[in-house]
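# A structural walkthrough
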Amino acid sequence: MPLTPPPHGSARSSVELNERIRGLWLRAGGRLSAEQRREYEQLVTEWAAAVREEMVRAA
């Protein structure tokens, strides 16, 4: 399932994104197709941004 970036100001939390990443790997059985690889890369990029944002808010 292709992902679209969330609207500005409604980003998903790092916890939710981590759960989606784990679920993707579980569904894929440890081997990602080209489409799943794109989804994974998008999720990881969004996860990293969420972690940074959460750190800024915590500071």
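These remarks concern the structure in this document.

About the cut-offs
Here the residue numbering is sequential within each chain, running from 1 through the sequence in written order. Selection of residues for local features in this predicted model requires a pLDDT of at least 70, selection of side-chain atom pairs for listing and counting requires 80 or more, and totals for whole chains, interfaces and linings are taken over all residues. In computing side-chain values, all of the structure's heavy atoms are included and hydrogens and water are not. Secondary structure elements follow DSSP: runs of H or I no shorter than four residues count as helices, runs of E no shorter than two count as strands, and numbering proceeds from the N terminus. Accessibility here uses a 1.4 Å probe with only protein chains present; expressed as a share of the type maximum, an area under 20% marks a residue as buried, one over 50% as exposed, and anything in between as partly exposed. It only takes one pair of heavy atoms within 4.5 Å for two residues to be counted as in contact. Working definition: a ring pair exists when centres of Phe, Tyr or Trp rings (six-membered ring for Trp) sit within 6.5 Å. Plane angles under 30 degrees give stacked, over 60 give edge-to-face, the rest tilted. To define a nonpolar core, start from buried Ala, Val, Leu, Ile, Met, Phe, Trp, Tyr and Cys residues and group those joined through side-chain atoms within 4.5 Å.

### Examining the environment of Arg 31
- Relative to the helices and strands, Arg 31 resides in the loop between helix 1 (14-28) and helix 2 (34-58).
- Residue Arg 31 is classed as exposed on the basis of its relative accessible area, which comes to 71%.
- If sequence neighbours within four positions are ignored, Arg 31 has contacts with Trp 25 and Gln 36.

### So, the packing of aromatic side chains
- Counted under the stated rule, the structure contains 1 aromatic pair.
- Aromatic pair Trp 25 and Tyr 40: ring centres 5.5 Å apart, planes at 80°, arrangement edge-to-face. Here Tyr 40 lies in helix 2 and Trp 25 lies in helix 1, a separation of 15 residues in the sequence.
- Residue Tyr 40 is classed as partly exposed on the basis of its relative accessible area, which comes to 23%.

### A look at the nonpolar core
- Within the largest apolar cluster, 7 residues are counted, these being Leu 17, Ile 21, Leu 24, Ala 28, Leu 32, Leu 43 and Ala 50.
- Here this core takes 4 residues from helix 1, the largest share from any one element.
- Ignoring sequence-local partners within four residues, the contact set of Ile 21 consists of Tyr 40, Leu 43, Val 44 and Trp 47.

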